[in-house]
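Report on the structure
Now for the letters of each chain:
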Amino acid sequence: PIKAITDTGSEVVLYEDGTWKYTEVDPSDGTAAIPENNKKFSKGKNSTFLVKSNKVDIGVWIDPKAWHFEKGTTEDAYEYQFALKGGDLYGMMIAEKTQIPIETLKTIAIGNAREAAPDVRVVKEEYRQVNGLKVLLMQMSGTIQGIKFTYYGYYYSNANGTIQFLTYTGADLFDDYADQIEVFLNGLVELG
């Protein structure tokens, strides 16, 4: 067999009979089994302000001393946009009334990210239990206009609708903000 690199940077093995396979399963191709993190995640003790979606029965507990937020307009894709006060960490809540299977939502999210950053790749993904909700955590990295970025967020859908609750920052800043990102995202709750 011969090893080769695809035009998207994935390593493959080519066999004499004309078949091929990835040397490692690419999580962004949808064929990898998504692991489940058995840890239970819950809202932080300083997350005392509830931001409620007007579209679905979902809310987000935030630390009002750490985060600023604003509601999107009807033209915006997001319902709420968030910014860490005094930092370069941002977030958004995208809410839709349509239920979307998580596997489909994952594919849509990767496709949307690739429109902005053709080199985007999934760095990490796992299922988590967050305040009783089974969510998909996905971390993606890519480059937009020469700037390397990291998206890290939760994806959730039920009969009432779909939520994409994401953070984003420069790739070089991600590790600096990792703890704040986790606390922020773990404020996601179902209402009702």
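**Points about the packing of aromatic side chains**
- The final tally for this structure, using the stated rule, is twelve aromatic pairs.
- Summarising the aromatic geometry, the rings of F149 and Y151 are spaced 4.9 Å apart at their centres and angled 75° between planes, so their arrangement reads as edge-to-face.
- Judged by its relative accessible area of 8%, F149 falls in the buried class.
- Aromatic rings pair up to connect F49, W67, F69, Y80, F82, F165 and F184 into one cluster.
- Note that K43 overlies the ring of W61, its terminal NZ or CZ placed 4.8 Å from the centroid.
- The ring of Y127 carries K134 above its face, with NZ or CZ at 4.6 Å from the centroid.

**Observations concerning the environment of S157**
- Summarising the element assignment, S157 is placed in strand β12 (residues 147-158).
- Since its relative accessible area comes to 14%, S157 is described here as buried.
- Beyond its immediate sequence surroundings of up to four residues, S157 is in contact with T98, Q99, I100, I102 and T162.
- Within the structure, the side chain of S157 is placed 2.9 Å from the backbone nitrogen of I100, a separation counted as a polar contact.
- At 3.3 Å, the side chain of S157 and the backbone oxygen of G161 are in polar contact.

**What about the side chain of E126?**
- Within the secondary structure, E126 is located in strand β10 (residues 121-130).
- Assessed through its relative accessible area of 9%, E126 is described here as buried.
- Looking at E126, its side chain comes within polar contact range of the side chain of N37, at 3.0 Å.
- Aside from chain neighbours lying at most four places away, what touches E126 is I34, P35, N37, V135, L136 and L137.

**Section: the side chain of T167**
- Note on placement: T167 falls in strand β13 (residues 161-170).
- Not counting chain neighbours up to four residues away, the residues in contact with T167 comprise L89, Y90, G91, T150, Y151, Y152, I181, F184 and L185.

**Notes on the nonpolar core**
- Counting residues in hydrophobic clusters, the biggest one holds 28 residues, and the most contacted among them are F82, I163, F165 and L188.
- At the level of elements, β6 (58-62), β8 (80-84), β9 (90-96), β11 (133-144), β12, β13 and α2 (174-185) are the ones that each hand at least two residues to this core.
- Contact partners of F165, with chain neighbours within four places excluded, come to V60, F82, M92, M93, G153, Y154, F184, L185 and L188.
- Counting 20 residues, the second-largest nonpolar core is a separate cluster that includes L105, M140, Y151 and L166.

**Describing helix α1 (residues 102-116)**
- Look at α1: 21 Å from first C-alpha to last across 15 residues, which is about the 21 Å you get at 1.5 Å a residue.
- Every buried residue of α1 is accounted for by I102, L105, K106, A109, I110 and A113. End-on, the buried residues of α1 take up no more than an arc of 135°, which puts them together on one face. Among the exposed residues of α1, those oriented more than 90 degrees off its buried face are E103, T107 and E115.
- Close packing links the buried residues of α1 with β10, β11, β12 and β13.

**Some points on the sheet that holds strand β5 (residues 49-52)**
- Taken together, three strands build an open sheet; the order of strands is β5-β6-β14 and the sheet is antiparallel. The strands lining the two open edges of the sheet, one partner per strand, are β5 and β14 (188-190). Averaged over all neighbouring strand pairs, the angle between strand axes comes to 35°, with direction disregarded.
- Two elements, β5 and β6, share four bridges in a ladder whose sense is antiparallel. If you follow V51 over to β6, its bridge partner there is V60.

Conventions used here
Residues numbered from 1 in each chain as written. Predicted model: local features only at pLDDT ≥ 70, side-chain atom pairs only at ≥ 80, totals over all residues. Heavy atoms only, no water. Phe/Tyr/Trp six-rings, centres within 6.5 Å; stacked < 30°, edge-to-face > 60°. Buried < 20%, exposed > 50% of the residue type's maximum accessible area, 1.4 Å probe, protein only. Lys NZ or Arg CZ within 6 Å of the ring centre and 35° of its normal. Helix = DSSP H or I, 4+ residues; strand = E, 2+ residues; numbered from the N terminus. Contact = heavy atoms within 4.5 Å. Polar contact = N/O pair within 3.5 Å; in protein donor to acceptor, adjacent residues only side chain to side chain. Core = buried A, V, L, I, M, F, W, Y, C linked by side-chain atoms within 4.5 Å. Expected span 1.5 Å × (residues − 1). Arc of directions from axis to C-beta. Pairing = 2+ DSSP bridges. Axes fitted to C-alpha atoms, helices over the stretch in contact; angles between N-to-C directions.

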